[in-house]
Amino acid sequence: MNDRSTPKRPEDKLTIWETLRRRPEMVTLTILVVICVAVSIINPNFLQPGSLIDMGRASVVTGLFALGVFAILAAGGIDVSFTAIAALTMYSLTKFVITVAPDLPMAAIIAIAVVAGALLGAVNGLLVHGLRVPSLIVTIGTQYLFRGILLAFVGTVWLMELPPQMTAFGKAALYQFQGANGVTVDLPAYFLIFPVVVGLAWFLFDRTLMGRAIFATGGNPEVAARLGYGQRVVHVFVFAFAGALAGLAGIIHVSATRMANPFDLVGTEIEVIAAVVLGGARITGGTGSVLGTVAGVLLITVVSNTLVLVGIPSTWQRLVVGAFILLAAAFFVRRKQKPKQRKAE
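- For the chain, an unreviewed UniProt entry supplies the name Sugar ABC transporter permease and the organism Thioclava sediminum.
- Of the chain, the UniProt comment under Subcellular location (unreviewed entry) reads exactly: "Cell membrane".

**Thoughts on the overall build of the chain**
In step 1: What the chain contains, in helices and strands, is 14 helices and 2 strands.
In step 2: Burial analysis of the chain (345 residues in total) assigns 48% to the buried set.
In step 3: In the chain, once contacts between residues fewer than 6 apart in sequence are set aside, the share between residues at least 24 apart is 78%.
In step 4: Working note: accessible area of the chain is about 17,800 Å², and carbon and sulfur atoms make up 67% of it.

**As for the pairing of strand β1 (residues 173-178)**
In step 1: With respect to burial, β1 is a largely exposed element, only 0 of its 6 residues being buried.
In step 2: Alignment of β1 against strand β2 (residues 184-188), held across 5 bridges, turns out to be antiparallel. By the bridge assignment, Y175 is partnered in β2 with L187.

**Points about the pattern of salt bridges**
In step 1: One pass over the structure, following the stated rule, counts 1 salt bridge.
In step 2: In this structure, the salt-bridge partner of D54 is R57, at a minimum N-O distance of 2.8 Å. In this pair, D54 and R57 both sit in helix α3 (residues 49-74), 3 residues apart, roughly one turn of the helix.

**Observations regarding a nonpolar patch on the surface**
In step 1: Where nonpolar side chains cluster on the molecular surface, the patch consists of V123, L127, L131, V133 and I137 and spans about 390 Å² of accessible area.
In step 2: Ranked by the residues each element gives to the nonpolar patch, the list is headed by helix α5 (residues 106-131), at 3 residues.
In step 3: Note on placement: I137 falls in helix α6 (residues 135-154).

**Here's the deal with helix α9 (residues 209-219)**
In step 1: Regarding α9, the residues found buried are G211, A213, I214, T217 and G218. End-on view of α9: buried residues confined to an arc of 160 degrees, all on one side of the axis. Opposite the buried face of α9, by more than 90 degrees, sit the exposed residues L209 and G219.
In step 2: At its buried positions, α9 is contacted by α3, α8 (193-207), α10 (221-226) and α11 (231-257).

**Comments concerning the packing of aromatic side chains**
Think of a pair of aromatic rings as described by two things: how far the centres are apart, and how the planes are tilted against each other in angle.
In step 1: Scanning the model with the defined rule gives 7 aromatic pairs in all.
In step 2: Judged by centre distance (6.1 Å) and plane angle (15 degrees), the rings of F237 and F241 are stacked. Of this pair, F237 and F241 are both found in helix α11, 4 residues apart, which corresponds to roughly one turn of the helix.
In step 3: Since its relative accessible area comes to 28%, F237 is described here as partly exposed.
In step 4: Among the aromatic residues, those joined into a ring-pair cluster are F70, F205, F215, F237 and F241.

**Comments concerning the packing of α3 against α9**
In step 1: The interhelical angle for the contact between α3 and α9, taken along N-to-C directions, is 55 degrees, at an axis separation of 7 Å. Here α9 runs oblique to α3, going by the angle between their axes. Taking contact as the criterion, the partners of F70, A71 and A74 in α3 are, on α9, I214, F215 and G218.

**Some words on the side chain of N261**
In step 1: Tracing the backbone through its elements, the reader meets N261 in the loop between α11 and α12 (269-278).
In step 2: Sequence-distant contacts of N261, that is, excluding residues within four places in its chain, are made with M90, Y91 and W158.

**A short note on the nonpolar core**
In step 1: F65, F205 and I252 are the most contacted members of the largest nonpolar core, which has 90 residues in total.
In step 2: Ranked by residue count, the leading element in this core is α3, at 13 residues.
In step 3: With near-sequence residues (within four places) excluded, F65 lies in contact with F82, T83, A86, A246, A249, L265 and V272.

**Thoughts on the confidence of the model for the chain**
In step 1: Per-residue pLDDT for the chain averages 85, and the proportion of residues at 70 or more is 86%.
In step 2: Counting interchain partners and residues more than four positions distant, the pLDDT-below-50 stretch residues 1-12 has 3 contacts.
In step 3: Confidence drops under pLDDT 50 across residues 338-345; counting only partners more than four residues distant or on other chains, this segment forms 5 contacts.

**A few points about the packing of α12 against helix α13 (residues 290-306)**
Describing two packed helices takes the angle between their axes plus the distance from one axis to the other.
In step 1: Running from N to C, α12 and α13 cross one another at 125 degrees; their axes reach a closest spacing of 7 Å. By the angle class used here, α12 and α13 are oblique. As for how α12 packs across α13, the hand of that crossing is right-handed. Touching E271, A274, A275, V276 and L278 of α12 are T293, G296, V297, L299, I300 and S304, all from α13.
In step 2: Here the residues of the contact of α12 with α13 sort into 7 nonpolar, 3 polar and 1 charged.

**Considering the environment of R132**
In step 1: Locating R132 in the fold gives a position in the loop between α5 and α6.
In step 2: For R132, a relative accessible area of 62% translates into the label exposed.
In step 3: Polar side-chain contacts of R132 include one of 3.2 Å to the backbone oxygen of H129.

**Section: α13**
In step 1: With 17 residues, α13 ought to run about 24 Å at 1.5 Å a step, and its terminal C-alpha atoms sit 24 Å apart, in line with that.
In step 2: Counting buried positions along α13 gives 13 out of 17 residues, so the element sits mostly inside the fold.

Conventions adopted
- Residues numbered from 1 in each chain as written.
- Predicted model: local features only at pLDDT ≥ 70, side-chain atom pairs only at ≥ 80, totals over all residues.
- Heavy atoms only, no water.
- UniProt positions renumbered as here; feature names shortened; annotations may be inferred.
- Helix = DSSP H or I, 4+ residues; strand = E, 2+ residues; numbered from the N terminus.
- Buried < 20%, exposed > 50% of the residue type's maximum accessible area, 1.4 Å probe, protein only.
- Contact = heavy atoms within 4.5 Å.
- Areas by Shrake-Rupley, 256 points an atom, 1.4 Å probe, with all protein chains shown as cover.
- Pairing = 2+ DSSP bridges.
- Salt bridge = Lys/Arg side-chain N within 4 Å of Asp/Glu carboxyl O.
- Patch = residues over 30% accessible without salt bridge, like charges linked within 9 Å, V, L, I, M, F, W, Y side chains within 5 Å.
- Arc of directions from axis to C-beta.
- Phe/Tyr/Trp six-rings, centres within 6.5 Å; stacked < 30°, edge-to-face > 60°.
- Axes fitted to C-alpha atoms, helices over the stretch in contact; angles between N-to-C directions.
- Parallel < 35°, antiparallel > 145°, perpendicular 65-115°, else oblique.
- Core = buried A, V, L, I, M, F, W, Y, C linked by side-chain atoms within 4.5 Å.
- pLDDT = per-residue confidence, 0-100.
- Left-handed = near helix turned anticlockwise from the far one by under 90°.
- Nonpolar A, V, L, I, M, F, W, Y, C, P; charged D, E, K, R; others polar.
- Polar contact = N/O pair within 3.5 Å; in protein donor to acceptor, adjacent residues only side chain to side chain.
- Expected span 1.5 Å × (residues − 1).

The structure is reproduced here in structure tokens:
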């Protein structure tokens, strides 16, 4: 029988490196805090309500995209078509409301966007499972397919006059702040959607059988199949989940910018994937956390919004993000290396 009163041996204590290896999101959070402190010292305007609200507003769409990408990475895949799903959904639905159903309630618009995005995402999942080819290849193809459908059959003209319910949704404010320069800054009501989705995603991945199936599939698909986890169900679910969040993000984006541009969101895929990777998810699958994904989104958002505040040209943004990705890759390669086995007594 083990004696619980026996003190632990020094080698039984986790080192800082071992802690970071097991909880990589702590590295991202540490970097985020260091950057925030440094920027606030260089430029105190960083802590002004206007700057913080701008970053919070910018994190919503990126964050929704990132949670969807995280689900797919955790299952061992990768998706680059989510922005095309968002663009097709948001533009088509906006045009439908303008021309066919101008009185459609905002709640119904959001619900339709989520369902439409999920259906498009499910197409990705079915193709990935059915064709047995890497998801990157499939989603590159569907990215062009979805954007082609949008531009060839739906429209290419910017919709500058949105339905009043969508405009009201984008303008609705939770709270108003008076800036030091006298400018009133609004905290948008749609910001609440992001923490709600984060909570739902955390419950899904940490407290449900589907969450365990996703991580098991990403870790080792053959073992997951032997354990009884249906690979087809997992693939369709994660891509439908990412598509649903893409559809939601698209409607929020249109309502916030107050115009529907069919060419919007192009090129943001790498930034979103970078946020998820910086949050601790491996491209090879089976790892990651919702907290880490949120931390990665905040890190990317802070970097993107503070370069100008500290006097660094915005053209350097990709360089800085690329450096973070390389550092994260180096860290995760080291993290993947298992520590030496203790010698048997």
